[in-house]
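So you can see what is in the structure, the chains are spelled out below.
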Amino acid sequence: MQTYDIVTIDGDGIGPEVNQSAITVLREAMGDRLRFTAADGGAAHYAKTGAVLPPDTFNACRDAHAILHGAAGLPGVTYPDGTEVGNDLHLQLRFRLDLYANVRPIRLYRGVTSPLAGWAAGSIDYVIVRENTEGLYASRGAGIVLRGEVATDTLVVTRKGVERVARFSFELARRRSGAKRDGRRRVTVCDKANILRSYAFFRAVCTEVAAHYPDVEIDYAYADAITVHLLKKPDFYDVIVAENMFGDILSDLGAGTVGGLGIAASAELGDGHGLFQGAHGSAPDIAGQNLASPLATILSGAMMLRWLAARHADATLLAGADRVEQAVEAVLAQGEQVPRDLGGSARCTEMTDAVCRQLR
Ligand code: IPM
Ligand code: MN
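Residues numbered from 1 in each chain as written. Chains lettered and ligands numbered in written order. Predicted model: local features only at pLDDT ≥ 70, side-chain atom pairs only at ≥ 80, totals over all residues. Heavy atoms only, no water.

Participant: What's the story with the packing of aromatic side chains in this structure? I'm lost.
Facilitator: To describe a pair of aromatic rings, you give the distance between the ring centres and the angle between the ring planes. Counting across every chain of the model gives 6 aromatic pairs. Note on Y46 and Y79: the rings are 5.5 Å apart at their centroids and 85° apart in plane angle, and the pair reads as edge-to-face. Within this pair, whereas Y46 is found in helix α2 (residues 43-49), its partner Y79 is found in the loop between β3 (66-71) and α4 (86-96), the two being separated by 33 residues in sequence. Aromatic pair Y199 and F246: ring centres 4.8 Å apart, planes at 15°, arrangement stacked. One end of the pair, Y199, is in helix α6 (residues 197-210); the other, F246, is in helix α8 (residues 244-257), and 47 residues separate them in sequence. Assessed through its relative accessible area of 16%, F246 is described here as buried. (Phe/Tyr/Trp six-rings, centres within 6.5 Å; stacked < 30°, edge-to-face > 60°. Helix = DSSP H or I, 4+ residues; strand = E, 2+ residues; numbered from the N terminus. Buried < 20%, exposed > 50% of the residue type's maximum accessible area, 1.4 Å probe, protein only.)

See the structure below:
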């Protein structure tokens, strides 16, 4: 049976706790099929060594089957330009490994109460695909600050960048079973094409790609309007594709409708590499107190198994992914161990043990 080399980067704040929790759960699910190798990186490492992503860590990430990351970033650890150091860890990995599709599932699990009234478990189930290597983020580290009077960042939209993230989104819609509201396979293109040419270009290229997917409906929504739709008709959505900055904002809004960032998984995927991490941050205020919910990182681990299963045609990994997701949902549905962010008091290790018990 093939084994898989996973590089893990604990990072900062709650990163070590949630990352180690996910590793424990993945070992429970997959035994010795996954070989975990820890690597350094993040704001604390930068403060000690001056390197947020040491070359050895980058090379290990480049050569591994997948990357599992806790969280990165510490307040006050900033570059001279004022931007945060910790974020540079996975931003560098995104750009240097070309992880162009940031996949963020928004799903209401059993046992979780949505702040939106009247939505039952399973009735909200869509995926935000955030373009992850250009858009407004292309300007990170390259913006202009002049004489302390003017600052600019440029939004970059390329044909290649849009084609590949749109194609990814339509292929994803093909693999899903359609929107909860009507069962229609649908890709919603989110932009501000009515105002900016760059977004009109984004929309036009997505529309060209859609022509190759007659079995998937294309839908359009402006970034402001969709914030209302995600609250009023979340079951209409199946797959949403958006430019980097819009995707960053909408994925937090979506996560908020299904329990919050403590349960928000993410998979950052390129053609050759995958980085899996909870979409939350390093939450330094609760770091080291065993208070963080590990569910976002555990569910990101399940996304990692699913992604590896597809890349390596490995059905045992697919079964493992299903078991991990079902174990998390069973723990939430039972309601005995509930993490703090979902209204309970279960500690990180208690959630980890509960998910492992379900797996056994
Ligand atoms: C996210 C985060 C990152 C981003 C930060 C931490 C670099 O907000 O992954 O959503 O801005 O993309
Ligand atoms: Mn974000």
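Participant: How should the packing of helix α5 (residues 159-175) against α6 be read in this particular structure?
Facilitator: Angle between the axes and distance between the axes are the two parameters that describe a pair of packed helices. Where α5 meets α6, the axes come as close as 9 Å, and the angle between the chain directions of the two elements is 50°. Taken together, the axes of α5 and α6 lie oblique to each other. At the point where α5 passes α6, the crossing takes the right-handed sense. Residues R159, V162, E163, A166, R167 and F170 of α5 touch α6, and the partners they reach there are F201, F202, V205, C206, E208, V209 and A210. Taken together, the residues of the contact of α5 with α6 break down into 9 nonpolar, no polar and 4 charged. (Axes fitted to C-alpha atoms, helices over the stretch in contact; angles between N-to-C directions. Parallel < 35°, antiparallel > 145°, perpendicular 65-115°, else oblique. Left-handed = near helix turned anticlockwise from the far one by under 90°. Contact = heavy atoms within 4.5 Å. Nonpolar A, V, L, I, M, F, W, Y, C, P; charged D, E, K, R; others polar.)

Participant: Explain the packing of helix α1 (residues 15-30) against helix α11 (residues 348-359) to me, please; I cannot follow it from the model alone.
Facilitator: Orientation of α1 relative to α11, taken along the N-to-C sense of each, is 10°, at an axis distance of 9 Å. Relative to α11, the element α1 is oriented roughly parallel. For the pair α1 and α11, the crossing hand works out as right-handed. Of the residues in α11, those touching α1 at E17, S21, T24, V25, E28 and A29 are C348, T352, V355, C356 and L359. Tallied by class, the residues present in the contact of α1 with α11 amount to 6 nonpolar, 3 polar and 2 charged.

Participant: Got a minute to help me understand the sheet that holds strand β2 (residues 34-38) in this structure?
Facilitator: Strands belonging to one sheet form pairs held by backbone hydrogen bonds; the direction of such a pair is parallel or antiparallel. Within the open sheet, the 10 strands sit side by side as β2-β1-β3-β12-β11-β4-β5-β10-β8-β9. Their pairing is mixed. One side of each edge strand has no neighbouring strand; the edge strands of this open sheet are β2 and β9 (217-222). Each neighbouring strand pair of the sheet contributes to a mean axis angle of 25°, computed without reference to strand direction. Two elements, strand β8 (residues 186-191) and β9, share 6 bridges in a ladder whose sense is parallel. Looking at β9, one finds that D191 is bridged to Y222. Here α1 sits on the sheet in contact with β1 (4-11), β2 and β3, set at roughly 140° to β3. The sheet strands contacting α5 are β4 (101-107), β5 (125-131), β8, β9, β10 (239-242) and β11 (265-269), and the helix crosses β5 at an angle near 165°. (Pairing = 2+ DSSP bridges.)

Participant: Sorry, what's going on with the domain arrangement of the protein chain here?
Facilitator: As a measure of interface size, the accessible area lost when the parts come together is often cited. Segmenting the protein chain into domains produces domain 1 (1-107 + 265-360) and domain 2 (125-256). Look at where the C-alpha atoms of domain 1 and domain 2 centre, and you get two points 24 Å apart. The interface of domain 1 with domain 2 comprises 19 residues on the first partner and 20 residues on the second. Summed over both partners, the interface of domain 1 with domain 2 comes to about 1,800 Å²; 56% of that surface belongs to carbon and sulfur atoms. (Domains from an automatic or database assignment. Buried area = accessible area lost by both parts, 1.4 Å probe.)

Participant: How should I be thinking about the pattern of salt bridges in this particular structure?
Facilitator: Oppositely charged side chains are able to pair whenever their charged atoms sit close together. Overall, the coordinates contain 24 salt bridges when judged by the stated rule. R176 is the salt-bridge partner of D238, the closest N and O atoms lying 2.7 Å from each other. Of the two residues, D238 is situated in the loop between α7 (223-232) and β10 and R176 in the loop between α5 and β8; the sequence distance between them amounts to 62 residues. Judged by its relative accessible area of 16%, R176 falls in the buried class. (Salt bridge = Lys/Arg side-chain N within 4 Å of Asp/Glu carboxyl O.)

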